[in-house]
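# Results of the structural survey
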Amino acid sequence: KDYNSLKDKIKETYFPLQFTSEAVSKTDSCTLVKLDNGKIDSLCNTIQGDYFEEYTFNGLWKENGLVLVNYQDWEGGNDFFINLKDGGHYYLTHNYKISPDLKHILSFVDLNETAFIPSGLMLTDCDNRAISTKISIEFERVIITSLSWLTNNQCLISGGTWDREKFSVNDLRNFRLTLSYD
């Protein structure tokens, strides 16, 4: 079945981030995150020749007690959450979308990353100051090129088969994925 007509039903939802927070402060080269237990998680930028690490505070998701941080180094980077409750780090892929009800994150590995790791899809629950992976799937020959939420339990995924020799996606199609949260 062709799901191209569902493109008109896409719902874009953004994380409800606060861009200032008493939990986050900045020194010369470090971002300091004060956890609920009073401990400090220090994320310090480093530059040593060609090697570098850089952290950028993207915002606080107050309702879930999660600080969104962007990490970059000499090989690439991605976003991750710091849980203010326990200090745990939860890494996201480059491509992630939050559900309209703000309870689920779908993330995927796309064409730019497949040279290093397999294409994949991950469903994460985030609710009541907790974040956990519910589903993680790796694909051998399928590559996801985009993902969008349609409802709180349905999304539209574009993808096709991966041709390693030509470094391209063939047979690009849209798929509707219905999720069950049991």
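This section reports on the structure supplied with the text. (Residues numbered from 1 in each chain as written. Predicted model: local features only at pLDDT ≥ 70, side-chain atom pairs only at ≥ 80, totals over all residues. Heavy atoms only, no water.)

On the surface, a nonpolar cluster with roughly 340 Å² of combined accessible area is contributed by Ile47, Phe52 and Trp74. Along the chain, the position of Phe52 falls in strand 5 (residues 51–61). (Patch = residues over 30% accessible without salt bridge, like charges linked within 9 Å, V, L, I, M, F, W, Y side chains within 5 Å. Areas by Shrake-Rupley, 256 points an atom, 1.4 Å probe, with all protein chains shown as cover. Salt bridge = Lys/Arg side-chain N within 4 Å of Asp/Glu carboxyl O. Helix = DSSP H or I, 4+ residues; strand = E, 2+ residues; numbered from the N terminus.)

With that settled, the discussion passes to the state of the cysteines. Disulfides are covalent bonds that connect the sulfur atoms of two cysteines. According to the stated counting rule, one finds one disulfide in the structure shown. Paired through a disulfide, Cys30 and Cys44 show a sulfur-sulfur distance of 2.0 Å. With the S-S dihedral at roughly 105 degrees, the linkage between Cys30 and Cys44 falls on the right-handed side. One end of the pair, Cys30, is in strand 2 (residues 30–34); the other, Cys44, is in strand 3 (residues 40–44), and 14 residues separate them in sequence. In this structure Cys30 comes out as buried when scored by relative accessible area, which is 11%. (Disulfide = S-S within 2.5 Å. Buried < 20%, exposed > 50% of the residue type's maximum accessible area, 1.4 Å probe, protein only.)

This part takes up the nonpolar core. Counting residues in hydrophobic clusters, the biggest one holds 14 residues, and the most contacted among them are Phe15, Trp61, Phe81, Leu92 and Ile105. Elements supplying a minimum of two residues to this core: strand 6 (66–73), strand 9 (95–98) and strand 11 (119–127). Ignoring anything within four residues of it in the chain, the contact list for Leu92 reads Leu68, Asn78, Asp79, Phe80, Phe81 and Ile105. Residues Val33, Val67, Tyr71 and Ile82 belong to the second largest nonpolar core, which totals 13 residues. (Core = buried A, V, L, I, M, F, W, Y, C linked by side-chain atoms within 4.5 Å. Contact = heavy atoms within 4.5 Å.)

Before going further, it helps to spend a moment on the sheet that holds strand 2. Within the open sheet, the three strands sit side by side as 1-2-3. Their pairing is antiparallel. The sheet is open, and its two borders are formed by strand 1 (24–26) and strand 3, each paired with just one other strand. The sheet shows a mean angle of 20 degrees between the axes of neighbouring strands, direction not considered. With five bridges joining them, strand 2 and strand 3 adopt antiparallel strand pairing. (Pairing = 2+ DSSP bridges. Axes fitted to C-alpha atoms, helices over the stretch in contact; angles between N-to-C directions.)

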